[in-house]
Amino acid sequence: MTLPVLKIAGKRPYPPRVSEFTRTFWQGLSDGRFLSTRCAACAMRSFPPKPFCPHCWSGRIEWAPLAPQGTVYSSTVMHAVPAYFRHEAPYRVGIVDLDDRLRIATRLLGVEQGFAVGARAEIVVLAYEDGPLFAARVIA
Ligand SMILES: [Zn+2]
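In short, a report on the structure. (Residues numbered from 1 in each chain as written. Predicted model: local features only at pLDDT ≥ 70, side-chain atom pairs only at ≥ 80, totals over all residues. Heavy atoms only, no water.)

**Things to note about the packing of aromatic side chains**
Counting across every chain of the model gives 11 aromatic pairs. An angle of 80° between the planes, with centres 6.1 Å apart, marks the rings of Phe25 and Phe134 as edge-to-face. Of this pair, Phe25 sits in helix α1 (residues 23-30) while Phe134 is found in strand β9 (residues 131-138), placing the two residues 109 residues apart along the sequence. Neither Phe25 nor Phe134 differs from the other in exposure class; each is buried. (Phe/Tyr/Trp six-rings, centres within 6.5 Å; stacked < 30°, edge-to-face > 60°. Helix = DSSP H or I, 4+ residues; strand = E, 2+ residues; numbered from the N terminus. Buried < 20%, exposed > 50% of the residue type's maximum accessible area, 1.4 Å probe, protein only.)

Pasting the structure below:
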């Protein structure tokens, strides 16, 4: 499943630091895929990607796509923000429970018409001119 892509003018205000390990995640996001790590020993998933399993401490991990949809667990509006994001404030962030049973914190889009906790959301790629970020967009 390929993620929806939203073209964003300009560069990322605070670009992520890409390591040899996280390059797979960022390249996947550029290709419209939402990847993370899964433990080859106990099959538990984790996000953000980790080079070891936080459940059983195995170092045998593999990359696998995550279900790119979930349910909004909580959200808030950010008014006091770091200087890098001041031009974007106020903006909404939220905690989303992915259908793969992972809980992630991310920017929340698609809330201009209002929404309720428990709304469905999907992961989208924010395609900035210098690379991707991701966010969750409320869809129902
Ligand atoms: Zn494990």
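**With respect to the environment of Pro132**
With respect to the element layout, Pro132 can be found in strand β9. Classification of Pro132 as buried rests on a relative accessible area of 8%. For the pair formed by Pro132 and Lys7, sequence separation is 125 residues and the distance between their alpha carbons is 9.4 Å. Once you skip the residues sitting within four places of it in the chain, Pro132 turns out to touch Arg12, Trp26, Leu29, Ser30, Val125 and Leu126. (Contact = heavy atoms within 4.5 Å.)

**Observations concerning the coordination of the zinc ion**
Coordination sphere of the zinc ion, protein contribution only: Cys39 (SG), Cys42 (SG), Cys53 (SG) and Cys56 (SG), at 2.3 to 2.4 Å. The site at the zinc ion holds 4 donor atoms, and with the angles between them running 104 to 117°, its shape is tetrahedral. Of note, the zinc ion draws all its donor residues from one chain, in the sequence arrangement C-x2-C-x10-C-x2-C. Pair noted here: Cys42 is in the loop between β2 (35-39) and β3 (45-46) and Cys53 is in the loop between β3 and β4 (61-65), with a separation of 11 residues, a long-range link. (Donors = N, O, S within 2.8 Å, 3.2 Å for Na, K, Ca; no water. Tetrahedral: all angles 85-135°; square planar, octahedral: opposite > 155°, others 65-115°.)

**Here's the deal with the environment of Arg33**
Relative to the helices and strands, Arg33 is located in the loop between α1 and β2. With residues near it in sequence (within four places) discarded, Arg33 still touches Leu3 and Gly28.

**A look at the pairing of β2**
In terms of burial, β2 is a largely internal element, 4 of the 5 residues being buried. Bridging between β2 and β4 involves 5 bridges; their strand directions are antiparallel. By the bridge assignment for β4, Thr37 is matched with Trp63. The pairing of β2 with β3 spans 2 bridges and is classified as antiparallel. Counted as the bridge partner of Arg38 is Arg45 from β3. (Pairing = 2+ DSSP bridges.)

**A few points about the side chain of Thr106**
Looking at the element boundaries, Thr106 is found in strand β7 (residues 103-109). With relative accessibility at 8%, the residue Thr106 sits in the buried group. For Thr106, the residues in contact, after removing those within four places along its chain, are Val93, Gly94, Val96, Phe134, Ala135 and Ala136.

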